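# Coordinates in review
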Amino acid sequence: MREAWITGIGLVSALGPDRETTWSRLVAGASGIRPITLFDTTGYRTAIAAQVDDTTVRLPSLPGTVTRHASRATRFALAAAAEALADARLSEDEGSVRAWPLVVGGGAAGLFEAEGFVERRLTRGPHVRGLSELIEVPQDSPTDRVGQALGLTGPRITVTTACSSSTIAVGLAAEMVREGEADIALTGGTDALCRLTFAGFNSLHALDAQPAKPFDRRRKGLSLGEGAAILVVEEANHARRRGAEPYARVRGYGVTNDAFHMTQPEPSGAAWERTLRAALADAGVAAEEIDHVNAHGTATEQNDTAECAAYRRVFGARLAAVPVVSVKGAIGHCLCGAGGMEAAVAALTIARSVLPPTVGFVEPDPDCPVDPVAGAARPASLRLVLSSSFAFGGNSAALVLGSCA
Amino acid sequence: MSGGPFVRAVGVVCHAGSGIAALRRALADPDWKPEPGLARPDAPPLPVAVCRDFTTRDVLPPLLARRLDRPARLLAVAAREALLQLGDPLPWDPERVGVAAATWNAGTSALVEVLRAVFLACPEEAPPAQFPSTVANAPASQLGILAKLGGPNVTFAEKQAGGARAVIEAARLLDRGRADAVIAAGVDEGDWLNAEGYLRLGALARANRPGMLLAEGAAVLVLAREPGPAPLARVAGCGSASSPAPPHRYPDQPTALLAASHQALARAGLTPDAIDVVICQANGSPALAALELTAWGCLFGDHRPAVLAPAERLGEGAVSPALRALVATLALAGQVSIAWPPPPELGAAGFPPMVARPQHALVTAVAGGGATEALVLSRA
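Below: a short report on this structure. (Residues numbered from 1 in each chain as written. Chains lettered and ligands numbered in written order. Predicted model: local features only at pLDDT ≥ 70, side-chain atom pairs only at ≥ 80, totals over all residues. Heavy atoms only, no water.)

### A look at the overall build of chain A
Secondary structure summary: chain A contains 12 helices and 14 strands in total. For 405 residues, the compact-globule estimate of 2.2 N^0.38 gives 22 Å, and the C-alpha radius of gyration of chain A, at 20 Å, lies within 12% of that figure. Oriented by its inertia axes, the alpha-carbon framework of chain A measures out at about 65 × 55 × 40 Å. Here chain A holds 405 residues, and 69% of them are scored as buried. Long-range pairs, those at least 24 residues apart, make up 78% of the contacts in chain A between residues at least 6 apart in sequence. Distance from the positive charge centre (38 side chains) to the negative charge centre (44 side chains) of chain A: 2 Å. (Helix = DSSP H or I, 4+ residues; strand = E, 2+ residues; numbered from the N terminus. Rg over C-alpha atoms; globule rule 2.2 N^0.38 Å. Buried < 20%, exposed > 50% of the residue type's maximum accessible area, 1.4 Å probe, protein only. Contact = heavy atoms within 4.5 Å. Lys, Arg positive; Asp, Glu negative; His and termini not counted. Charge placed at Lys NZ, Arg CZ, Asp CG, Glu CD.)

Written as structure tokens, this is what we have:
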């Protein structure tokens, strides 16, 4: 039985441009949600988001053919990929033909950059200039750039199922390792803020004017975010031979569809229960064995209620003893990048035996009867963790991560 | 993917019309020519093979159709054709039926409408009903909602190779027991912003230079682990590789195309000389034509399978590899006669047109950026 270990993590978020800064600030209860400087927010219901500070993002040394037209989403992914490879101590000649699968959740890609063209085109007609901003419009462009930068020759897959994209990506990459298609896979997700998503969620009245407060009785919506996570997923014996230090093991994943509504979750939690049970079954573990949930926890009224209903169905009375943490009060909702970033946090949580707090949570909600690790981080010895994501269209996914001990 | 899933049913909406019958008629007519042209509000039409006469009439209730954007309607109609062949109710628990879709540009029209409001009016004018359609997974999700399909519902982005990725991932979902049947699909809409972008990048055909004709439409293959009473074909093997290249360019070398083809053949337990027909990509791009010519020369040596290139007339997009797999399925099932010649450069290299019912077909796709897929389909 092959095991898929996470042996490298790269993370770029509004909390920081790398894994350690993000983790230390997350554990300290910091929030990266702040006033947006990326574009003019006049006329929106809110002016805040978890925006990455571009000046801190450290790109590896790459040829201009890779970086010249690279979008922000690509830059996040390139920085995270470089950090993950260095973290995994995968040297230049490790697998000199790098036929590694690259499986990434992606969404907006270069849309923020292209919006400048769209604005000019709509206001000034067909003769406006515009070329380089259009190159990274396709959702798989950041994946292509990472593949190009690292010289990868294996399968290159971009999952684009909105907010569950990179959860599915991590599950799929781990499955490819577990099933013997590859010894190493790179996976994760990336997404960047843009006016389309900001205006869209604004139009749905889904944005809180204040920083998001997951599972809190006062919650009024989400805070958008951006960033990237890239994970090195490696077959256990391959990792052992290299002396690699694992963070966690990807035990399995589940993916289902609630077939209910494009934007509303199925309220009873029954549909999401199927997703969670599919993940548990794939991992071969029982619900009673789960020690912690890294939740979707967007802080919208409907999401958090339906999500907690699903956890009640799965964990029953034991739910009170299973800490359920949402990181979206700290790093925002990073959409197609969210699941990968949350998988990275879940792996760090296991490896470092510390539960980060749900930033923004203060007042309990009777409809969300979970322990969200309020106020401060908490030490915890964790063997098995669920990381769940729910998306527009009902495309739901969940990962089961475990310790490598 | 030992054994490989069976293709149980197919459905299509494309430039040739709605339905398999319209596609069959076009493929059987050597003189059938596309009539491309996507209107722009303020400039000449663009080279897109649109589904000009597409309608949801007699397929979807009007109130329901009105709620869907165009790519969701295209996919719903193509899927409806396929699912009707399987009976009502479907022979599987709906919670065990999944969707694996791919798109290059679904959602762009909705995106333009949201951004038009933001840029020309104010953010508060952004239409909330349009926003959910801007996500690429909207067509597959809407199909899941319409048909009440609770299995895995996953959408992939791989530009013009997307439809092949959808078939590969559908096969994987079945192989891993995550579903009993999966609707593998490619879907694209004809939209001016996307097409204008590729025109500006020099990728589309113009009067004085060769290039791609973009596609609009949806192609659906229902895959299942069990053959059922009348399987059309079998996905015997899949291969996947990539070459490092910028997102808007094809690779310089056919390394990944050869690697993916060899993988697919090996997984099917076949050698290249067993392939009777290659449903190749040949989309009008000179760079891709050179890539394919080199690859097929290396792969087949002196063997000369028949070659067919539907994208020359039906256009290129994420829908196209799924459409090529669909055409291969019909050919393997003996349900289509092909009168279209191979692309000129491959014809000149001795690759003949398809005249006989094949036993094994190779379908390939290379995306800008270098992601590359290959499928071997065989008679069921």
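### Re the overall build of chain B
On a plain count of helices and strands, chain B comes out with 12 helices and 13 strands. For 380 residues, the compact-globule estimate of 2.2 N^0.38 gives 21 Å, and chain B sits close to it at 19 Å. In terms of overall dimensions, chain B has a C-alpha envelope of 65 × 55 × 40 Å along the principal axes. Burial analysis of chain B (380 residues in total) assigns 64% to the buried set.

### Section: empty space enclosed by the protein
Within the structure shown, the criterion is met by three cavities of 30 Å³ or more. Computed from the structure, the largest cavity encloses a volume of approximately 590 Å³. Around the largest cavity, the lining comprises 35 residues; the ones closest to its centre are Gly 107, Leu 111 and Gln 139 of chain A together with Leu 111 and Thr 134 of chain B. When contributions to the lining of the largest cavity are tallied by element, the ones reaching two or more residues are α4 (111-124) and α7 (195-203) of chain A together with α4 (108-120) and α7 (192-200) of chain B. Per-class residue counts for the lining of the largest cavity are 24 nonpolar, 10 polar and one charged. (1 Å grid on protein atoms, 1.4 Å probe; cavity = no way out; pocket = protein on both sides within 12 Å on 5 of 7 lines; lining within 4 Å. Points joined across faces, edges and corners; volume = space filled by probe spheres on them. Nonpolar A, V, L, I, M, F, W, Y, C, P; charged D, E, K, R; others polar.)

### Regarding α7 of chain B
All names here are of chain B. For α7, the buried fraction is high: eight of the nine residues fall into the buried class. Among the residues making up α7, those that are buried are Trp 192, Leu 193, Asn 194, Ala 195, Glu 196, Gly 197, Tyr 198 and Leu 199. Looking at where α7 begins, the residue whose side-chain oxygen comes 3.1 Å from the main-chain nitrogen of Leu 193 is Asp 191. Gly 202 occupies a position one or two residues after α7 and carries a positive phi of about 80°. (Polar contact = N/O pair within 3.5 Å; in protein donor to acceptor, adjacent residues only side chain to side chain.)

### Focus: the interface of chain A and chain B
As a measure of interface size, the accessible area lost when the parts come together is often cited. The interface of chain A with chain B comprises 71 residues on the first partner and 67 residues on the second. Summing the contributions of chain A and of chain B, the shared interface buries around 5700 Å²; its carbon and sulfur component is 60%. On the chain A side of the interface with chain B, the three residues burying the most area are Leu 122, Arg 156 and Met 262 of chain A, jointly 12% of the side's total. At the junction of chain A and chain B, the tally comes to 12 salt bridges. When the shortest N-O distance is used, the salt bridge between Arg 178 of chain B and Glu 175 of chain A registers 2.7 Å. Linking chain A with chain B are 31 residue pairs in polar contact (both at pLDDT 80 or more), by the criterion used here. Those elements giving two or more residues to the side of chain A that touches chain B turn out to be α4, α5 (141-150), β5 (156-159), α6 (165-178), α7, β8 (248-257) and α9 (270-283) of chain A. Counted by class, the side of chain A that touches chain B contains 29 nonpolar, 26 polar and 16 charged residues. (Buried area = accessible area lost by both parts, 1.4 Å probe. Salt bridge = Lys/Arg side-chain N within 4 Å of Asp/Glu carboxyl O.)

### Topic: α4 of chain B
The terminal C-alpha atoms of α4 of chain B lie 17 Å apart, and with 13 residues this matches the ideal 18 Å at 1.5 Å per residue to within 8%. Residues of α4 of chain B that are buried include every one of Thr 108, Ala 110, Leu 111, Val 112, Val 114, Leu 115, Ala 117, Val 118 and Phe 119 of chain B, and no others. Of the surrounding elements, those touching the buried residues of α4 of chain B are α4 and α7 of chain A together with α7 of chain B. (Expected span 1.5 Å × (residues − 1).)

### Looking at the pattern of salt bridges
Under the counting rule described, the total for this entry stands at 49 salt bridges over all chains. For Asp 304 of chain A, the salt bridge goes to Arg 219 of chain A, with nearest N and O atoms at 3.6 Å. Here Arg 219 of chain A lies in the loop between α7 and β7 (227-235) and Asp 304 of chain A lies in helix α10 (residues 301-315), a separation of 85 residues in the sequence. Residue Asp 304 of chain A is classed as buried on the basis of its relative accessible area of 0%. Its relative accessible area of 4% is what places Arg 219 of chain A among the buried residues. Measuring nitrogen to oxygen at the nearest pair gives 3.5 Å for the salt bridge that ties Arg 200 of chain B to Glu 196 of chain B. Of this pair, Arg 200 of chain B and Glu 196 of chain B both sit in helix α7, separated by four residues, roughly a single helical turn.

### What about the pairing of strand β6 (residues 184-191) of chain A?
Residues and elements named next belong to chain A. For β6, the buried fraction is high: eight of the eight residues fall into the buried class. Residue alternation in β6 divides its side chains into two sets, Ile 184, Leu 186, Gly 188 and Thr 190 and Ala 185, Thr 187, Gly 189 and Asp 191, and both sets are buried. Note: strand β4 (residues 102-106) against β6, five bridges, orientation parallel. When the bridges of β6 are listed, Gly 105 appears paired with Gly 189. (Pairing = 2+ DSSP bridges.)

### Brief notes about the environment of Asp 31 of chain B
Position of Asp 31 of chain B among the secondary structure elements: in the loop between α1 (20-27) and β3 (48-49). Taking the C-alpha atoms as reference points, Asp 31 of chain B and Leu 377 of chain B, separated by 346 residues in sequence, lie 28 Å from one another.

### Remarks on unusual backbone geometry
Cis geometry marks the peptide bond from Asp 88 of chain B to Pro 89 of chain B, where omega comes out at 5°. Relative to the assigned elements, Pro 89 of chain B resides in the loop between α3 (70-84) and β4 (97-103).

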